[in-house]
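Structural overview
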Amino acid sequence: MVGLDYVANAVVSGILIGSVYSLVGMGLALIWGIMDVINFAQGDFMMIGSFVTYWAFTLAGVDPLLSIPLSFLVTFALGVLTQRVVIERVLDAPMVSQITATFALLLMIRYGAEAAFGPYTRRISVPYADVIFRIGSVSLQLPRLVAFIVSLGVALAFYVFLKTTYTGVALRAVSQNRMAAYLMGINVRKMYWLAFGLGVGISAVGGTLVATFLPIYPEMGGFYALIAFIVVVFGGFGSVFGAYISGIIIGVTESVSALFISPSLKDVVAFLLFILIILVKPAGLFGTEQR
Amino acid sequence: MSLLEVRGVDVFYGDAQALWGVSFTVERGTITSVVGANGAGKTTIMKTISGLLIPKSGSVIFEGRDITREEPHRRVEMGIAHVPEGRQLFPRLTVMENLKAAAYTKRAREGFEDRLEEIFSLFPILRERRNQLAGTLSGGEQQMLAIARGLVLRPEILMLDEPSLGLAPKLVLMILRLVRKLKEEGYTILLVEQNVYQALKLSDMAYVLETGRIVKSGTGEELLRDEGVKRAYLGL
Ligand SMILES: Nc1ncnc2c1ncn2[C@@H]1O[C@H](COP(=O)(O)OP(=O)(O)OP(=O)(O)O)[C@@H](O)[C@H]1O
Ligand SMILES: [Mg+2]
């Protein structure tokens, strides 16, 4: 029999890691929702974020939290470049061309990083890695707690940006009716640069956050991309808010099932949950049928 | 100098030619109509002016500047507003957000709040519905929002493509009255309206388009008296 304390701990740690999944998923959802492009390299841009943070820490002693803006800006710039050089050319192409293009990006980034840094697993040992808070029987590792708070902050900031700013509203407008957006004087091409830059930048913040408490390695994007896809499908295609909640649900599902079944099957369980949702509510938990 | 001058444009969809050497002008402060049967090319003319389509030859001159190859968003910044056929709202944005999306350009953002007040006094129902999703509005309300969005753009020329399409007769009259009122307020309007009699009555100038060619032009009154126009478009 598993004690209630264990369950409580598992739920809390699931929420904390899930909030990072949310960020990766939100980035994917943004790009998907606005451009109708599936970015298979999403997890690899996240990996770039992890490595920016790793090198900033290792070479210059920059605290991972302070490297968040750097990680965001580097991937944002790479994202805009990718949009201009690659994605723009396949925007109106058949879906198979788009898939090929972003899959090629995945290979280039992932194996480029492997060639440059070697396939090894690396860790950052921040000085506060072992600081633990206890609330009743639940214990919280400081880096994970910080990751949760930062991801919540980023998600909220992003939500407010989309809801209230002229640019945020214009981005959403572009996703709903491209022609009308042109007629409103919106520079659609620039909005797409912004969408791709922001989308990968947000995921890279997730990459920075996991680097403070989990190992990083060039191929890590594979695992997180899978999670991101589950998050997006689960949350309703293109729904950024839905992605946030779904990330947390998936994190909790994983960590609770690790407790009851077997840690090695936790991703299988997340995936089963995914299939179940597809069967029951194909538009996702928060999705609308039409786009 | 005319506000807008279209000079001999040939426009294609792929290999199919839709406009053949179309030329006409729009004078400041007037209502100009383009009249024609389904598929004559009326919408194509508007798209060529707003930059959604680029002519193969010929040119579009706005305030004396050649804008033939200018990008659509830059034309909006210059004051060209195109309220498209079928409304083309952002269905999952609220009424307010639709208006805000139209205030994206520097031009439109200047004095947006004041213009919003004017727009809400023209369309009180939009104020009431400002937090409702555009996709849930009635047809008439959607058309009002489409026009309102055009007004947010602070246009030098307002192009209205079939603004009363699909509306109940009472609403059709309301929209036509609004067009006249906008002219009185100093707007320049290029109008395509399937209600040809009403459109010609409103218009200072009108052009008749047949299969992509302008075949007749004159003041609204002249065309109302024209036997060919009477037969083809007024069912007389
Ligand atoms: N996207 C398109 N691709 C190919 N041909 C098109 C396209 N849009 C319009 N056409 C063709 O171009 C011609 C002119 O069309 P247009 O939409 O400008 O006509 P219209 O006068 O606005 O008609 P309506 O009264 O039906 O709105 C038609 O023959 C139409 O079939
Ligand atoms: Mg038309």
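Conventions adopted
Residues numbered from 1 in each chain as written. Chains lettered and ligands numbered in written order. Predicted model: local features only at pLDDT ≥ 70, side-chain atom pairs only at ≥ 80, totals over all residues. Heavy atoms only, no water. Helix = DSSP H or I, 4+ residues; strand = E, 2+ residues; numbered from the N terminus. Rg over C-alpha atoms; globule rule 2.2 N^0.38 Å. Buried < 20%, exposed > 50% of the residue type's maximum accessible area, 1.4 Å probe, protein only. 1 Å grid on protein atoms, 1.4 Å probe; cavity = no way out; pocket = protein on both sides within 12 Å on 5 of 7 lines; lining within 4 Å. Points joined across faces, edges and corners; volume = space filled by probe spheres on them. Nonpolar A, V, L, I, M, F, W, Y, C, P; charged D, E, K, R; others polar. Contact = heavy atoms within 4.5 Å. Salt bridge = Lys/Arg side-chain N within 4 Å of Asp/Glu carboxyl O. Donors = N, O, S within 2.8 Å, 3.2 Å for Na, K, Ca; no water. Core = buried A, V, L, I, M, F, W, Y, C linked by side-chain atoms within 4.5 Å. Domains from an automatic or database assignment.

**Remarks on the overall build of chain A**
Within chain A, the secondary structure is distributed over 11 helices and 2 strands. Mapped from its N terminus to its C terminus, chain A presents α and β elements in the order α-α-α-α-β-β-α-α-α-α-α-α-α. Taken against the 2.2 N^0.38 rule, which gives 19 Å for 291 residues, the C-alpha radius of gyration of chain A at 19 Å falls within 12% of a compact globule. Dimensions of chain A, computed from the C-alpha atoms along their principal axes, are close to 60 × 50 × 35 Å. When the 291 residues of chain A are sorted by exposure, 55% land in the buried category.

**What about unusual backbone geometry?**
Residues and elements named next belong to chain B. For Arg87, which is not glycine, the phi dihedral falls at a positive 70°. Turning to its location among the elements, Arg87 is positioned in the loop between β6 (80-83) and α3 (95-102). Residue Arg87 is classed as buried on the basis of its relative accessible area, which comes to 15%. Although it is not a glycine, Gln88 adopts a positive phi angle of roughly 50°.

**Section: the layout of surface pockets**
All names here are of chain A. Taken as a whole, the second largest pocket holds about 350 Å³ of empty space. Residue assignment for the lining of the second largest pocket shows that the elements contributing at least two residues are α1 (4-35), β2 (138-141), α9 (221-235) and α10 (240-260). If one sorts the elements of the lining of the second largest pocket by residue count, α1 sits on top with 5 residues. Class assignment for the residues of the lining of the second largest pocket results in 11 nonpolar, 4 polar and 3 charged.

**Some points on the environment of Glu77 of chain B**
Residues and elements named next belong to chain B. On the secondary structure map, Glu77 appears in helix α2 (residues 72-78). Overall, Glu77 belongs to the partly exposed group, its relative accessible area being 33%. Separated by 34 residues in sequence, Glu77 and Thr43 have C-alpha atoms that sit 21 Å apart. Those residues in contact with Glu77 that sit more than four places away from it in its chain are Thr105, Lys106 and Arg107.

**What about the pattern of salt bridges?**
Opposite charge on two side chains lets them pair, provided their charged atoms get close. Residue and element names in this part refer to chain B. For the coordinates displayed, the defined rule picks out 16 salt bridges over all chains. Among the salt bridges present, the one from Arg28 reaches Glu156, with a minimum N-O distance of 3.2 Å. Here Arg28, found in the loop between β2 (16-26) and β3 (31-36), pairs with Glu156, found in the loop between α7 (139-152) and β7 (157-161); they are 128 residues apart in sequence, far enough to count as distant. Under the relative-accessibility criterion, Arg28 is labelled partly exposed at 48%.

**Quick notes on the coordination of the magnesium ion (ligand 2)**
Each donor-metal-donor angle would ideally measure 109.5 degrees in four-coordinate tetrahedral geometry, or 90 or 180 degrees in six-coordinate octahedral geometry. Binding of the magnesium ion (ligand 2) to the protein goes through Thr43 of chain B (OG1) and Glu85 of chain B (OE), at separations of 1.9 to 2.4 Å. In this pair, Thr43 of chain B sits in helix α1 (residues 42-50) while Glu85 of chain B sits in the loop between β6 and α3, placing the two residues 42 residues apart along the sequence.

**Focus on the nonpolar core**
Counting residues in hydrophobic clusters, the biggest one holds 135 residues, and the most contacted among them are Met26, Met35 and Ile186 of chain A together with Leu99, Phe123, Leu151 and Ile189 of chain B. At 15 residues, the largest contribution of residues to this core is made by α1 of chain A. Mapped onto the domain boundaries, this core takes at least three residues apiece from domain 1 (1-79 + 155-236) and domain 2 (87-154) of chain B. In this structure Leu151 of chain B touches Arg115, Ile119, Leu122, Phe123, Leu158, Leu182 and Tyr187 of chain B, once residues within four positions along its chain are discounted. Core analysis: the second largest hydrophobic core is formed by 26 residues, Val6, Val26, Leu53 and Met159 of chain B among them.

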